[in-house]
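Each chain is listed here by its residues.
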Amino acid sequence: IVTTFDPHKSNKELAAELVEQFDDITHCCANTVSAVRDSLLFRYGPPRRAPALTMAGKQKRVDWCQFHIQQGTSFDSVVFSDESWFKLGPDNRWIWIKEGDYGPRVCAPTKKFVPKVMIWGAVGRNFKSDIVFFEENVTASSYINALDQSSFFDNANKNFGEGQWLFQQDNARPHIAKQTLQDLKDRKVVLLENWPPNSPDLNIIELIWGIMKRRIDARGAKTLPELKHIIVEVWNELSFETINKLIDSMEARLRLVIEKNGETIFSNELARISF
């Protein structure tokens with residue numbers, strides 16, 4: 001219980017606290033606390049990353065989720081989209097190193113400016129767009145032009161039917177610029193409205209990026225062109241089964257956000273939510 005409510009408390013601090021609070025415990029060492037934590041499946045590691053959420057932001061998330069639960073929104077016709085950076089980083093996979101060996105084979109060089117590429121993609125039930133690469137900062141004009149040139153709108157209309165699908169995008173400036181919104185309106189693209197800020201946990205494409213980054217890192221690209229090639233390769237290998245399972249999880253995600261009063265949700269928490 002203490003570890004759950006205060007994950008920063010060290011083994012040594014918790015051991016001392018147990019001796020102080022319980023008369024029948026006269027001695028407790030840090031190793032004992034560590035062993036018990038390990039048996040309870042606690043693992044010592046970096047904290048999970050989550051967006052900083054204000055009280056107002058949490059309420060917007062709850063309101064949005066409640067609205068779609070009450071409306072019985074089907075996410076089968078929603079196309080989730082976003083951009084993401086993919087970095088060309090050093091090979092950080094663990095290796096066997098002999099003590100005192102500092103040769104180049106066992107070193108992972110660090111770089112001040114890591115080469116990276118920005119990509120855009122979109123997924124829906126039984127649907128996957130082409131990957132779009134952005135060579136410069138994304139603007140309203142470059143955003144719409146890139147999606148148009150990749151035939152995204154034509155392909156989505158062909159898959160779902162014109163006007164029969166909802167387009168999800170977050171609140172990044174290029175997405176909500178007047179030029180962008182007017183262009184989408186002219187194309188008769190219907191938006192999934194009022195997307196709550198700081199909500200990557202509700203965006204299926206963000207989960208896809210996480211899956212892709214693990215697979216891409218494992219292939220160890222050495223150059224930027226090789227990284228781009230691997231990105232496209234991994235994207236093309238993504239199965240509709242994987243995408244559809246994530247779409248199926250949307251109702252559970254909405255309910256969990258409501259249960260947690262707007263806090264960020266994690267995939268391992270979904271198992272205890274009933275549909």
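Our subject is the structure listed above.
The sections below set out a description of the structure shown in this document.

What counts and how
- Residues numbered from 1 in each chain as written.
- Predicted model: local features only at pLDDT ≥ 70, side-chain atom pairs only at ≥ 80, totals over all residues.
- Heavy atoms only, no water.
- Phe/Tyr/Trp six-rings, centres within 6.5 Å; stacked < 30°, edge-to-face > 60°.
- Helix = DSSP H or I, 4+ residues; strand = E, 2+ residues; numbered from the N terminus.
- Axes fitted to C-alpha atoms, helices over the stretch in contact; angles between N-to-C directions.
- Parallel < 35°, antiparallel > 145°, perpendicular 65-115°, else oblique.
- Left-handed = near helix turned anticlockwise from the far one by under 90°.
- Contact = heavy atoms within 4.5 Å.
- Nonpolar A, V, L, I, M, F, W, Y, C, P; charged D, E, K, R; others polar.

**Comments concerning the packing of aromatic side chains**
Right, on to step 1. Under the counting rule described, the total for this entry stands at eleven aromatic pairs.
Right, on to step 2. A ring pair is formed by Phe 86 and Trp 209, whose centres lie 5.9 Å apart and whose planes are at 85 degrees; its orientation type is edge-to-face. You can see Phe 86 sitting in strand β1 (residues 78-87) and its partner Trp 209 sitting in helix α9 (residues 204-219), a full 123 residues away along the chain.
Right, on to step 3. Of the aromatic side chains, those joined through ring pairs into one cluster are Trp 120, Phe 127, Phe 152, Phe 153, Phe 160, Trp 165 and Phe 167.

**Some points on the packing of helix α5 (residues 140-149) against helix α8 (residues 178-186)**
Right, on to step 1. Running from N to C, α5 and α8 point in directions that differ by 30 degrees, and their axes come no closer than 8 Å. Classified by the interaxial angle, the pair formed by α5 and α8 is roughly parallel. Remark: the crossing between α5 and α8 carries right-handed chirality. Of α8, the residues touching α5 (which contributes Ala 140, Ser 141, Tyr 143 and Ile 144) are Gln 179, Thr 180, Asp 183 and Leu 184.
Right, on to step 2. Partitioning the contact of α5 with α8 into residue classes produces four nonpolar, three polar and one charged.

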